[in-house]
Amino acid sequence: MRAALLGAAVALALTACQPTPKASHPPTAADVAEGAVATAPAAVAVAEAFLTPMTPADNIDSPASWRAPDGQLWLIATAKATDKLVVYDGQTGKHLRDVGSTGKALGQFDRPNGIAVTGDLVFIVERDNRRVQVLQLPDFKPLGVFASGDLRKPYGVWVNPAQNGYDVYVTDSYDDGEDAAGNDILPALERLNERVRRYHVTLGGSGVQATLVRSIGDTTPKGALRVVESIWGDPANDRLLVAEEDETYASEFKVYTLAGDFTGNTFGNGMFKAQAEGVMLRTCGDGGWWITTEQGKDRSVFHLFDRKTLAPVGAFHGSTVANTDGIWNSQQPSARFPQGALYAVHDDQGVVAFDWRDIAKALSLPQDCAL
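Because the structure is a prediction, the values reported are computed rather than measured.

Q: Would you mind showing me how to read the overall build of the protein chain here?
A: Each helix and strand in the protein chain was counted, giving 2 helices and 25 strands. Relative to its full complement of 371 residues, the protein chain shows a buried share of 60%. Sequence separation of 24 or more characterises 55% of the internal contacts of the protein chain that already satisfy a separation of 6 or more. Accessible area of the protein chain: about 13,500 Å², with a carbon and sulfur share of 48%.

Here you go:
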């Protein structure tokens, strides 16, 4: 994706499920107040469990997983160049089927990008259809679309089950056209107040109903969301994390509240040598870790931060995976991955899987945190 800055973190108490941060100079409360830059832990090697078939024509962007009632684990990825979903076996990486075609009708897509699975529902952000489509598993039955009257250039999505429905957050990286070199022109700060759209979505006999709750985006230099895609939340700690991907500005994660207010905090400042990208939360009791991505063209590095303090905990890389866009943390146990897995897109062509047990062992983290 695009660029990202990373500031320091908030200091709260670590829980019993969380190890001591491995950073050379983990940030303290004073560091956070002064905006100090944290030192990145050295990345260790973790071998991938599998790599799916490589399909360069698809331009794979983001993955998500779903466990069927019969126990089968599906890995579903968006293919933004061929306007479809690619479905793999989540334990082996074997290609199972493709879903969808190009178009505007239900069940069709135009540059599908962000994806999230909750329960038996799949939420797909379509950048060029400027909408979010909802499908129902296992048949990928289209239930409806929403947000087509609001979104301009949407990318990422996070879904939070709430209030007899779902709070759906969609990033919208609209621009002011292109310059002579073909680069997107960033809107002025005061026009970045709609970088995230929050909807409350319900499903019923009449399909998908969505209400725009709030348009989100701080317009101060520190809190503004310049170039956005990846987003994820933590209801237990009232946090919404958005990756800042403007490489001319910095690489960091901005910390907002779920209501949509900038907290004044960023984290990871100076730690990424390449663009900040995907972000997911791995829970462990009331603790856990934020898993973030440094999208190196030759090698992706995955940085883990403490769920509560946001202090750096460790970092790892694979033997193959590079140029990663979306990631997906699965805590659903399976025969192959009894403690879950981390899925990461590889170079726009496929998806790799990491066994959580291998990550935990390499970074000296607890292994038994599966849901």
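Right, picking up where we left off after that structure.
Q: What is the right way to read the environment of Phe-337 from this model?
A: Tracing the chain through its elements places Phe-337 in the loop between β23 (327-330) and β24 (341-346). For the pair formed by Phe-337 and Arg-357, sequence separation is 20 residues and the distance between their alpha carbons is 8.1 Å. The contact partners of Phe-337, leaving out residues within four places of it in the chain, are Ala-49, Phe-50, Gly-90, Gln-91, Gln-332, Tyr-343, Ala-353 and Asp-355.

Q: Explanation requested: the nonpolar core in the structure shown.
A: Across soluble globular proteins, you tend to see nonpolar side chains buried next to one another. Within the largest apolar cluster, 94 residues are counted, with the highest numbers of intra-cluster contacts made by Phe-146 and Tyr-343. With 6 residues, the top contributor of residues to this core is strand β4 (residues 73-79).

Q: In this structure, what is going on with the confidence of the model for the protein chain? I would like to understand it.
A: As a note on interpretation, predicted positions should not be read in detail where pLDDT is low. A residue-level look at the protein chain finds 89% of positions with pLDDT of 70 or above and a mean pLDDT of 90. Overall, residues 1-37 carries pLDDT values under 50, and its contacts beyond four positions in sequence, including any with other chains, amount to 133 contacts.

Q: I'm lost on the pairing of strand β6 (residues 95-99) in this one. Help?
A: Residues in a regular strand project their side chains so that they alternate between the two faces of the sheet. Here strand β5 (residues 84-89) runs beside β6; their pairing, made up of 4 bridges, is antiparallel. Looking at β6, one finds that Leu-85 is bridged to Val-99. The loop that links β5 with its antiparallel partner β6 comprises 5 residues; one of these, Gly-93, has a positive phi angle of about 85 degrees.

Q: Sorry, what's going on with the pairing of strand β3 (residues 60-67) here?
A: Counting buried residues along β3, 7 of its 8 residues qualify, which places the element largely inside the surrounding structure. Once β3 ends, the chain turns through 5 residues before running back antiparallel as β4, passing Gly-71 with a positive phi of about 95 degrees.

Q: Looking at this model, I keep getting lost on the pattern of salt bridges. Mind explaining?
A: Two side chains bearing opposite charge may form a pair once their charged atoms approach each other closely. Enumeration over the complete set of coordinates arrives at 17 salt bridges. In this structure, Asp-167 engages Arg-198 in a salt bridge whose closest nitrogen and oxygen atoms are separated by 3.3 Å. Linking Asp-167 in strand β12 (residues 165-172) with Arg-198 in strand β13 (residues 196-204), this pair joins segments that are 31 residues apart in sequence. Its relative accessible area of 14% is what places Arg-198 among the buried residues. Shared partners join several salt bridges into a network, and the residues in it are Asp-58, Lys-84 and Asp-98.

Q: Help me out: how do you make sense of the packing of aromatic side chains in this one?
A: By convention here, two paired aromatic rings are described through the distance between centres and the angle between planes. A full pass over the atoms with the stated rule returns 17 aromatic pairs. Between Trp-158 and Trp-232, the aromatic rings sit 6.3 Å apart at their centres with planes inclined by 55 degrees, giving tilted as the arrangement. Residue Trp-158 is found in strand β11 (residues 154-162), and its partner Trp-232 is found in strand β15 (residues 228-234); the two are separated by 74 residues along the sequence. A relative accessible area of 3% means that Trp-158 is categorised as buried.

Q: Would you mind showing me how to read helix α2 (residues 356-363) here?
A: Since there are 3.6 residues in each turn of an α-helix, residues three or four apart along the chain are aligned in direction. Among all positions of α2, only Trp-356, Ile-359, Ala-360 and Leu-363 are buried. Down the axis of α2, the smallest arc covering the buried residues is 95 degrees, so these residues share one side. Directly after α2, the chain includes Ser-364, whose backbone phi takes a positive value near 55 degrees.

Q: Would you take a moment to explain the sheet that holds β3 for this structure?
A: The strands making up a sheet are joined through hydrogen bonds of the backbone, oriented either antiparallel or parallel. With respect to topology, 4 strands assemble into an open sheet ordered β3-β4-β5-β6, the strand pairing being antiparallel. Unpaired on one side and paired on the other, β3 and β6 mark the two borders of the sheet. On average, each strand axis in the sheet is tilted by 25 degrees relative to the strand beside it, whichever way the strands run.

Q: Mind showing me how you'd approach unusual backbone geometry here?
A: Peptide bonds are mostly trans, and most non-glycine residues show a negative phi. Looking along the chain, the bond that leaves Leu-137 and enters Pro-138 is cis, with omega of 15 degrees. You can see Pro-138 is positioned in the loop between β9 (131-136) and β10 (141-146). One non-glycine residue, Asn-323, adopts positive backbone phi at about 50 degrees. Structurally, Asn-323 is set in the loop between β22 (312-317) and β23. Given the relative accessible area of 7%, Asn-323 is considered buried.

Q: Would you take a moment to explain the sheet that holds β23 for this structure?
A: Here 4 strands make up an open sheet; going across it, the order is β2-β25-β24-β23 and the pairing antiparallel. Looking at strand neighbours, the two that pair on one side only are β2 (50-51) and β23, the edges of this open sheet. Note: β23 against β24, 4 bridges, orientation antiparallel. Along β24, the bridge assignment pairs Asn-329 with Leu-342. On top of the sheet, α2 reaches β24 and β25 (350-355); it is set at about 60 degrees to β25, its chief contact.

Q: Explain the environment of Val-145 here, please?
A: Counting through the fold element by element, Val-145 comes out in strand β10. In the structure, Val-145 is positioned 62 residues away from Gly-207 in sequence and 8.8 Å away in space, judged by C-alpha atoms. Ignoring anything within four residues of it in the chain, the contact list for Val-145 reads Leu-106, Arg-131, Val-132 and Gln-133.

Definitions and cut-offs
Residues numbered from 1 in each chain as written. Predicted model: local features only at pLDDT ≥ 70, side-chain atom pairs only at ≥ 80, totals over all residues. Heavy atoms only, no water. Helix = DSSP H or I, 4+ residues; strand = E, 2+ residues; numbered from the N terminus. Buried < 20%, exposed > 50% of the residue type's maximum accessible area, 1.4 Å probe, protein only. Contact = heavy atoms within 4.5 Å. Areas by Shrake-Rupley, 256 points an atom, 1.4 Å probe, with all protein chains shown as cover. Core = buried A, V, L, I, M, F, W, Y, C linked by side-chain atoms within 4.5 Å. pLDDT = per-residue confidence, 0-100. Pairing = 2+ DSSP bridges. Salt bridge = Lys/Arg side-chain N within 4 Å of Asp/Glu carboxyl O. Phe/Tyr/Trp six-rings, centres within 6.5 Å; stacked < 30°, edge-to-face > 60°. Arc of directions from axis to C-beta. Axes fitted to C-alpha atoms, helices over the stretch in contact; angles between N-to-C directions.

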